[in-house]
Amino acid sequence: MRVVKFEKKNTEKLFDVLSRFGEVWSPMEKGESYSYQKIEDSNNFIFHEEVTRTILPEKKLLLPQKFPTLKFNSKKYEKPNEEIPTKILFGIHNCGISALNILDEFYTTDFVDADYQQRRNKLIIVGVSCIADEHCFCDKTNTNIVEKGYDIFFADLCNYYLVWIGTSKGDDIIRMGEDMGIFDANIPGDVTNKYAEYRKRNRESYCNDIDLEGSTDLMELSHDAEFWQELGDICLSCGQCTMVCPTCTCYNVIDEIDLNKDTGQRIRYWDSCLFKDFSLTAGDHNFRAARSERLKLWYTHKLKAFIGKFGAPSCVGCGRCIVTCPVDINIKTVAEKLKKKRAL
Amino acid sequence: MRNNQYEYSQHHIPEQPHNHESQVPIMMRIISKKDLSPDVRFFQTVPTTDYRYENLNYKPGQFMSLSISGSGEAPFSITSSPTRKGIIEFAIRKVGKFTEKLFTLKDGDLLGLRGPFGNGFDVEKFLGKDIIIIAGGLGAAPLRSLLLYILDNKEQFGRLIYLYGSRNVEEILYKGDFFELLSSDQIELYISVDENNKGFEDKIHRGRVTELFSKIGKINPDNTVAAICGPPIMYKFVVQELLKLNMNKNDIFLSLERRMKCGVGKCGHCIIDYVYTCVNGPVFTYWDVLRMQDLI
Ligand code: SF4
Ligand code: SF4
Ligand code: FES
């Protein structure tokens, strides 16, 4: 692994280097929260370590909320030949990188999702370490330190950043920075101590006491538990939890026709398994008419399904569902219900 | 506990149909249609020119998605057999906006097509075995693909038993073909209707499809496979009959309906528990049904 040293005073120059490789996207203030936005001005380019989560997760850069996936006329269907710009995602944290690792696996195993792949090929991931807040629990989902999935990663060792270079593309960026004198390949001798302290600080920063131990089996054992009904009674089916969750992938398509023409587009947009007609067939048979059934499906996917397929739960501990759900149904409250149940 | 999900159906995931272009429909032309029942229409389609057709192969039990320019897309099981190349057939019931539009199309009109999708029946595993096919209502459409496949390769299979239950005589699909097969020595065919069988007493039993089991005599449970497709309510009862015959749970194959959309395991609409029915289904074994929640 190649590492270099970076000092915060060079932040502006870093922006300069990154901008030469593509559009720079980073968390920016939006009302009381943050959202990933395109940074045009180096003044808005900041190391946001205390910004734990944006409103919408990183997936919006890979599969926008709504975009044309096909264009057609009465004689044929084809992919729109749209120019995809290179984007640099700066300031993504460990949980976000873990989520993208999950999406990479999901969208490129068995069948390759071309819409995802073409944007993913153009995405450069520059991670930054973070300080957990009261809702974060990536320590419990084992996503607090990522081993892969970034091109470059900045770990804050207090007086300087230790910069991990994960890919050859990342190395291109670092080398240009080295030429401009903002990265230093000479790492101070005390780096191991400093790095060990950094890991310790990370480990100690969590105060969310959510307990996910055994939740996969508990989900199985709680299939008929009464609490699903209770949760179903208060869920609004608003789908916000699925929109903000970085590992939710469901979508739908709809055809839009251009006015007075025989041309149109097939629009792909984010769907939610919490919406009422998610599992409705053409014959009007709804496999999940009850809200409780749909909630159960969501938590199956977060806590159980991915363990079977990819060996880890698909929850990365970002805490978005905790801060988002208007009626407090989230991974934490569900985990608590699972424990109280003791169906054994 | 963690399920060994790769065990299900012992079916492999099909090869990617048109690699990364599996989301782009190719164009088919309707060459003929006929009504099979008051609300089910049979469509024959052939590919127009496109370099991707060489790959257009499929297995009985798989499905495809049809698009009508500007009216969207919907999934349909394939009713033709891969043994009869060139023409792809669908038997489609008019149930919603998309199918209403489809029923207005004329011969020569174009349709977009994606697929095939899903695991289909693993016909390789059926080789040398006795086969029992049980169809209910529109289930006869996907099962026709399997039926024709077996009839076209009959020397490679043992007994072929076919039980077909319909609500009434009008709704029996492929009625003419089935009546002809009644006198064939290739197949032991029994048909039942829930309602009136007046005028067809010699051909059609009046009663439930499960009552037809009394007609098939002894079977060899170690060398028999069963394939079922029909309305959701039917599976439980039919499976009970098969278990009474001592059939192995892994030799009972059920083709299940779900809301399919993308066909490639990405959009999530068809998901059951941790399984994407569009990729790992729609065909499951009875053992899958027992160990996975909510399958039927
Ligand atoms: S389930 Fe909640 S905490 Fe877990 S990844 Fe999704 S939004 Fe984040
Ligand atoms: S769980 Fe909460 S956020 Fe999700 S749909 Fe229900 S009310 Fe909305
Ligand atoms: S139909 Fe889209 S995931 Fe199965």
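Residues numbered from 1 in each chain as written. Chains lettered and ligands numbered in written order. Predicted model: local features only at pLDDT ≥ 70, side-chain atom pairs only at ≥ 80, totals over all residues. Heavy atoms only, no water.

Brief notes about the site of ligand 2
Every residue near ligand 2 is listed here: Cys-235, Leu-236, Ser-237, Cys-238, Gly-239, Cys-241, Leu-274, Leu-295, Cys-325, Pro-326, Val-327 and Ile-329 of chain A. Along the lines of polarity and charge, the residues of the shell around ligand 2 split into 10 nonpolar, two polar and no charged. (Near = heavy atom within 4 Å. Nonpolar A, V, L, I, M, F, W, Y, C, P; charged D, E, K, R; others polar.)

Thoughts on the site of ligand 1
Residue and element names in this part refer to chain A. Lining the immediate surroundings of ligand 1 are 13 residues, of which Cys-245, Cys-315, Cys-318, Gly-319 and Cys-321 lie closest. At the level of elements, α10 (291-310) and α11 (320-324) are the ones that each hand at least two residues to the shell around ligand 1. Per-class residue counts for the shell around ligand 1 are nine nonpolar, two polar and two charged. (Helix = DSSP H or I, 4+ residues; strand = E, 2+ residues; numbered from the N terminus.)

Regarding helix α5 (residues 168-179) of chain A
Residues and elements named next belong to chain A. Compared with an ideal rise of 1.5 Å per residue, which puts 12 residues at 16 Å, α5 spans 16 Å between its outermost C-alpha atoms and is within 8% of the ideal. Within α5, burial applies to Gly-170, Asp-171, Ile-173, Ile-174 and Gly-177. Within α5, the buried residues cover an arc of 160° as seen down the axis, which keeps them to one side. Exposed residues on α5 whose side chains face more than 90 degrees from its buried face are Ser-168 and Asp-179. Of the surrounding secondary structure, the elements contacted by the buried residues of α5 are β1 (2-6), α1 (11-19), β7 (123-128), β8 (152-156), β9 (161-165) and β10 (183-184). (Expected span 1.5 Å × (residues − 1). Buried < 20%, exposed > 50% of the residue type's maximum accessible area, 1.4 Å probe, protein only. Arc of directions from axis to C-beta. Contact = heavy atoms within 4.5 Å.)

What about the domain arrangement of chain A?
All names here are of chain A. What the domain assignment lists for chain A is domain 1 (3-204) and domain 2 (215-338). Placing the centre of domain 1 and that of domain 2 at their C-alpha centroids yields a distance of 26 Å. Between domain 1 and domain 2, the residue contacts involve 39 residues of the former and 35 residues of the latter. Sorting the residues of domain 1 by area buried against domain 2 places Lys-59, Phe-72 and Ile-102 first, and these three jointly supply 20% of that buried surface. The interface formed by domain 1 and domain 2 includes three salt bridges. For the salt bridge of Arg-268 with Asp-115, the shortest nitrogen-to-oxygen distance reads 3.0 Å. For the side of domain 1 that touches domain 2, the elements supplying multiple residues, two or more each, are α2 (59-62), β4 (66-72) and α3 (94-108). Broken down by element, the side of domain 1 that touches domain 2 gets its largest block of residues, eight residues, from α3. (Domains from an automatic or database assignment. Buried area = accessible area lost by both parts, 1.4 Å probe. Salt bridge = Lys/Arg side-chain N within 4 Å of Asp/Glu carboxyl O.)

Considerations on empty space enclosed by the protein
If you walk through the whole model with that rule in mind, you get 12 cavities of 30 Å³ or more. The space that makes up the largest cavity amounts to roughly 270 Å³. What lines the largest cavity is a set of 25 residues, among which Cys-248, Thr-249, Cys-250, Tyr-251 and Asp-271 of chain A lie closest to the centre. At the level of elements, α2, α3, β12 (264-270) and α10 of chain A are the ones that each hand at least two residues to the lining of the largest cavity. Grouping the constituent residues of the lining of the largest cavity by class yields 17 nonpolar, five polar and three charged. Here the second largest cavity defines a volume of roughly 130 Å³. Contributing to the lining of the second largest cavity are 13 residues, with Val-253 and Arg-266 of chain A together with Gln-23, Glu-73 and Arg-114 of chain B lying nearest its centre. Elements supplying a minimum of two residues to the lining of the second largest cavity: β4, β11 (251-257) and β12 of chain A. (1 Å grid on protein atoms, 1.4 Å probe; cavity = no way out; pocket = protein on both sides within 12 Å on 5 of 7 lines; lining within 4 Å. Points joined across faces, edges and corners; volume = space filled by probe spheres on them.)

Considering the sheet that holds β1 of chain A
Residue and element names in this part refer to chain A. Taken together, the eight strands give an open sheet; going across it, the order is β3-β2-β6-β7-β8-β9-β1-β10, and neighbouring strands pair in mixed fashion. This sheet does not close on itself; its edge strands, each paired only once, are β3 (33-38) and β10. By the bridge criterion, five bridges tie β8 to β9 in an arrangement that is antiparallel. Note on β9: the bridge partner recorded for Ala-155 is Leu-162. α5 rests against β1, β7, β8, β9 and β10 of the sheet, and its axis sits at about 40° to β1. (Pairing = 2+ DSSP bridges. Axes fitted to C-alpha atoms, helices over the stretch in contact; angles between N-to-C directions.)

Side note on the domain arrangement of chain B
Residue and element names in this part refer to chain B. The domains assigned to chain B are domain 1 (19-117) and domain 2 (123-290). Between domain 1 and domain 2, the C-alpha centre-to-centre distance is 22 Å. Between domain 1 and domain 2, the contact holds 27 residues from the first and 23 residues from the second. For the pair domain 1 and domain 2, the summed buried surface comes to about 2100 Å²; carbon and sulfur atoms form 58% of the total. Across the domain 1-domain 2 interface, the total number found is two salt bridges. We note a salt bridge from Arg-84 to Asp-152, for which the minimum N-O separation is 2.9 Å. At the junction of domain 1 with domain 2, the criterion picks out 10 residue pairs in polar contact (both at pLDDT 80 or more). Looking at the side of domain 1 that touches domain 2, the elements with two or more residues in it are β1 (26-37), β2 (40-47), β3 (63-68), β4 (72-77), β5 (88-93) and β6 (110-117). (Polar contact = N/O pair within 3.5 Å; in protein donor to acceptor, adjacent residues only side chain to side chain.)

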